[in-house]
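Tertiary structure, described
Each chain, letter by letter, is given below.
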Protein chains: 2
Amino acid sequence: MTTTAGPGRPRLTEPRRPGQTAREEILDAAAELFTEKGYAATSTRAIAESVGIRQASLYHHFSTKHEILDALLADTVRAPQQFAERLAEHDGPATELLYTLMLFDAVHLSSGRWNLGALYLLPVIRSADFAGFRARRTELMDAYRALALRALDELKVPQDWAAPREALAGLPFRLVESVINERSDNMAGAHAPLHPPRLFADTAIRMLGYQGSVDALYETAQRLTAAITEDAGIPVAVEA
Amino acid sequence: MTTTAGPGRPRLTEPRRPGQTAREEILDAAAELFTEKGYAATSTRAIAESVGIRQASLYHHFSTKHEILDALLADTVRAPQQFAERLAEHDGPATELLYTLMLFDAVHLSSGRWNLGALYLLPVIRSADFAGFRARRTELMDAYRALALRALDELKVPQDWAAPREALAGLPFRLVESVINERSDNMAGAHAPLHPPRLFADTAIRMLGYQGSVDALYETAQRLTAAITEDAGIPVAVEA
């Protein structure tokens with residue numbers, strides 16, 4: 001059963017989904033259907049029905065299914081990428097900055113209601129429609145890599161630790177991203193994360209050769225995160 | 001254009017795809033279409049056309065699209081899972097055994113013509129049809145975890161290295177699996193791996209606290225791999 005509310009007109013039913021606006025409700029419904037049923041298997045009609053609005057009302061907010069997917073994907077990288085930009089303005093050891101970025105990103109990936117990162121591997125993401133999303137994600141990867149290379153210098157990692165260095169510097173991003181795979185493999189509990197986000201930051205900094213206390217890094221990261229997010233108004237997910 | 005060759009009858013055209021048998025050609029075509037166009041977007045008819053056989057001939061080998069996907073996924077875990085079973089019969093430090101498993105698995109994930117691991121995140125994998133595949137993959141994850149826990153004991157990793165220990169022991173599998181994400185993000189070259197497989201094994205053993213020479217581990221792993229694969233007839237991918 002769908003409602004008869006059209007664009008602009010007040011909704012006749014109570015909202016069924018979290019979200020302040022119809023747009024947010026549409027995004028939540030699409031996120032659920034894309035991750036639970038699959039992207040190709042989900043029609044815009046099914047999304048509208050799941051929100052409790054007419055398909056015409058949905059088109060008022062998004063003209064295509066690609067546009068909905070793009071909006072969802074943008075949300076997954078916007079906050080960490082903005083955070084990385086702010087972080088680059090801070091002084092301090094790269095080891096601390098990288099750890100702080102990894103912790104922020106791991107919390108962000110862990111906290112979404114739906115496991116949207118699972119959509120990164122869809123073939124459609126490689127099409128021109130998603131060039132903007134890919135560019136932003138590449139910026140985030142590059143921010144990780146630049147900090148990792150500086151951290152490797154600071155940590156005086158021996159030559160044979162894991163060569164080549166440039167390749168090793170790409171792996172912290174990969175380990176943090178594996179939050180997505182853990183969530184996807186968790187068959188129970190709506191794909192909740194299996195482990196606290198800091199596990200990924202703790203382990204990624206170890207693989208670059210950090211031998212000190214991860215508790216000390218964690219405390220520094222919390223202070224730095226609070227300073228950056230308050231300053232820039234970046235939405236910060238609450239760590240469970 | 002399709003050929004008129006039916007089940008059992010000789011093919012009228014030259015095979016278009018790698019594979020000794022029609023079954024292998026079907027699997028290769030499906031692997032390409034599933035990873036390049038998407039699973040839901042690919043019909044059995046499109047697979048048959050891509051092989052150059054009739055749809056009826058395809059149904060001679062596979063009764064459903066799920067069955068084709070299941071056969072493809074089974075191939076991605078069978079060899080590493082069998083290898084892990086053989087490895088468990090060998091004596092020696094767990095650090096060496098785990099490294100050997102990671103190297104074998106990373107080579108395996110890097111060497112497939114299509115990046116089939118990208119299909120692990122499809123929602124359909126969570127359905128009952130794929131319970132067998134999921135069970136086998138879980139066995140492989142468990143083999144990783146058991147060796148990682150033993151390696152952590154051997155390496156005398158300090159308490160605060162990255163707690164909890166049980167969670168840390170799950171991450172070597174995740175790092176090796178990120179070969180899939182690297183391939184997926186490589187827009188050029190048909191999703192070829194960006195880095196040599198040993199990078200993942202080298203880095204994963206470091207994150208468990210190994211401080212010795214990875215070159216020494218690599219040599220040991222090559223000897224052990226040769227012994228196990230010759231013995232058991234497990235197909236071993238050639239490292240690039």
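What counts, and at which threshold
Residues take numbers from 1 onward in each chain, read along the sequence in its written order. Each chain is given a letter, starting from A, and each ligand a number, starting from 1, according to the order in which they appear as written. The predicted nature of this model means local features are confined to residues of pLDDT at least 70 and side-chain atom pairs, given and counted, to a pLDDT of 80 or more, with totals for whole chains, interfaces and linings taken over all residues. The side-chain numbers reported here are obtained from all heavy atoms of the structure, hydrogens and water having been left aside. For the purposes of this entry, the term helix denotes a DSSP run of H or I that reaches at least four residues, the term strand denotes a run of E that reaches at least two, and both are numbered from the N terminus. Throughout, exposure labels follow a simple rule: accessible area from a 1.4 Å probe, protein chains only, divided by the maximum for the residue type, with under 20% read as buried, over 50% as exposed, and the rest as partly exposed. Residues count as neighbours in contact if any of their non-hydrogen atoms are within 4.5 Å of one another. The protein chains shown are the only cover counted for residues, whose accessible areas, like all others here, come from Shrake-Rupley with a 1.4 Å probe. Working rule for helices: expected span equals 1.5 Å times residues minus one. UniProt positions are given in the numbering used here, feature names are shortened, and annotations may be inferred rather than shown by experiment. Here a salt bridge means any side-chain nitrogen of Lys or Arg lying within 4 Å of a carboxyl oxygen belonging to Asp or Glu. A least-squares superposition brings the copies together, and it is based on the C-alpha atoms of residues with pLDDT no lower than 70 in both.

**Observations concerning the overall build of chain A**
The helix and strand tally for chain A stands at 10 helices and zero strands. Counted from the first residue to the last, chain A has its helices and strands arranged as α-α-α-α-α-α-α-α-α-α. Buried residues in chain A amount to 53% of all 240 residues. Considering only contacts in chain A between residues 6 or more positions apart, those separated by 24 or more positions represent 72%. Total accessible area on chain A is roughly 10300 Å²; 53% of this is exposed by carbon and sulfur atoms.

**Examining the environment of arginine 23 of chain B**
Residues and elements named next belong to chain B. Inspection of the secondary structure puts arginine 23 in helix H1 (residues 22-36). Along the sequence, arginine 23 and isoleucine 68 sit 45 residues apart, while their C-alpha atoms lie 9.7 Å from each other. With near-sequence residues (within four places) excluded, arginine 23 lies in contact with His61, Phe62 and Ala71.

**Remarks on helix H6 (residues 131-154) of chain B**
Taking 1.5 Å of rise per residue, 24 residues should cover 34 Å, and H6 of chain B covers 35 Å from first to last C-alpha, within 8% of that figure. Check the buried side of H6 of chain B and you find it contacts helix H8 (171-185) of chain A together with helix H4 (65-87), helix H5 (94-111), helix H7 (165-168) and helix H8 (171-185) of chain B. Looking one or two residues beyond H6 of chain B, the residue adopting positive phi is lysine 156 of chain B, at roughly 50°.

**Here's the deal with the UniProt feature "DNA-binding region" (unreviewed entry) in chain A**
Within this structure's numbering, the places UniProt gives as "DNA-binding region" (unreviewed entry) are residues 43-62 of chain A. Segment residues 43-62 of chain A splits into 75% helix and 0% strand. End C-alpha atoms: 13 Å apart.

**Some thoughts on the pattern of salt bridges**
One pass over the structure, following the stated rule, counts 26 salt bridges over all chains. Across the pair arginine 137 of chain A and glutamate 177 of chain A runs a salt bridge, and its minimum N-O distance is 2.3 Å. One end of the pair, arginine 137 of chain A, is in helix H6 (residues 131-154); the other, glutamate 177 of chain A, is in helix H8, and 40 residues separate them in sequence. Here the two residues arginine 137 of chain A and glutamate 177 of chain A agree in accessibility, since each one is buried. We note a salt bridge from aspartate 153 of chain A to arginine 165 of chain A, for which the minimum N-O separation is 2.8 Å. You can see aspartate 153 of chain A sitting in helix H6 and its partner arginine 165 of chain A sitting in helix H7 (residues 165-168), a full 12 residues away along the chain. Taking relative accessible area as the criterion, aspartate 153 of chain A reaches 51% and is therefore assigned exposed. Its relative accessible area of 31% is what places arginine 165 of chain A among the partly exposed residues. One connected set of salt bridges, linked through shared partners, spans Arg137, Arg174 and Glu177 of chain A together with Glu182 and Asp185 of chain B.

**Section: the relation of the copies chain A and chain B**
When chain A is fitted to chain B, the best match, at an RMSD of 0.0 Å, comes from turning it 180° and sliding it 0.0 Å along the axis. Both copies are brought into coincidence by an operation consistent with a two-fold rotation axis. Ranked by how close their C-alpha atoms come to the rotation axis, the residues of chain A are headed by methionine 207 of chain A, at 2.1 Å.

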